[in-house]
Amino acid sequence: MPLYMDVHTIAQGVAIADVAQAHKADLQHQGRHDVSYLRYWVDESQGKIFCLVEAPSAEAAAAVHREAHGLVADQIFQVQEGG
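Here, residues in each chain are numbered from 1, in the same order as that chain's written sequence. Confidence filtering applies because this is a predicted model: local features only for residues at pLDDT of at least 70, side-chain atom pairs given and counted only at 80 or more, and all residues used for totals across whole chains, interfaces and linings. Hydrogens and waters are ignored; side-chain quantities use all the structure's heavy atoms.

So, on to the overall build of the chain. Looking only at helices and strands, the chain has two helices and four strands in total. When its helices and strands are written in sequence order, the chain yields β-α-β-β-α-β. Expected size for 83 residues packed as a compact globule is a radius of gyration near 12 Å; at 12 Å, the chain falls within 12% of this value. Its C-alpha atoms give the chain principal-axis dimensions of roughly 35 × 30 × 20 Å. Put simply, the chain has 83 residues, and 39% of those count as buried. Working rule for contacts: check all heavy atoms of both residues, and any pair within 4.5 Å makes them a contact. Look at the contacts in the chain between residues 6 or more apart in sequence, and 68% of them connect residues 24 or more apart. Every accessible area reported is derived by Shrake-Rupley at a probe size of 1.4 Å, with residue values counting cover from the shown protein chains alone. When the accessible area of the chain is evaluated, it comes to approximately 5,000 Å², of which 49% is carbon and sulfur surface. The charge count treats Lys and Arg as positive and Asp and Glu as negative. His and the chain ends do not count. For this purpose, a charge sits on NZ of Lys, CZ of Arg, CG of Asp or CD of Glu. In the chain, which carries 5 positive and 11 negative side-chain charges, the distance between the mean positions of the two groups comes to 4 Å. Numbered from the N terminus, helices here are DSSP runs of H or I no shorter than four residues, and strands are runs of E no shorter than two. Atoms considered for the radius of gyration are the C-alpha atoms alone. The globule rule reads 2.2 Å times the number of residues to the power 0.38. Buried, partly exposed and exposed residues are distinguished by accessible area as a fraction of the type maximum, computed with a 1.4 Å probe on protein chains only: under 20%, between the cut-offs, and over 50%, respectively.

Structure representation (structure tokens):
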């Protein structure tokens, strides 16, 4: 299954506790789209969130965010894991 890294920018900044709640919502919705949200990283002061996801497509990954909490990523990149 392809891996994707998505990037969110929240102009006013973001709290990691809020991202944790959004991630929980993603986990509750991901099965409907054959998606698996694996990890996330947060830069609170810059308002950046990065999510690593296994998904059949970028569109499927975006659908989970849209349904779970409405915070759709600004960009989604297909990535390969390096060693």
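So, next bit.
With that out of the way, let us pick up the nonpolar core. Buried together is how nonpolar side chains tend to be arranged in soluble globular proteins. What we call a nonpolar core is a set of buried Ala, Val, Leu, Ile, Met, Phe, Trp, Tyr and Cys residues that are connected through their side-chain atoms within 4.5 Å. If you look at the biggest cluster of nonpolar residues, it comprises 13 residues, and the most contacted ones within it are Val14, Val35, Tyr37, Ile49, Val53, Ala55 and Ala61. Not counting the four nearest positions on each side in its chain, Ala55 is found in contact with Met1, Pro2, Tyr4, Asp34, Val35 and Ala61.

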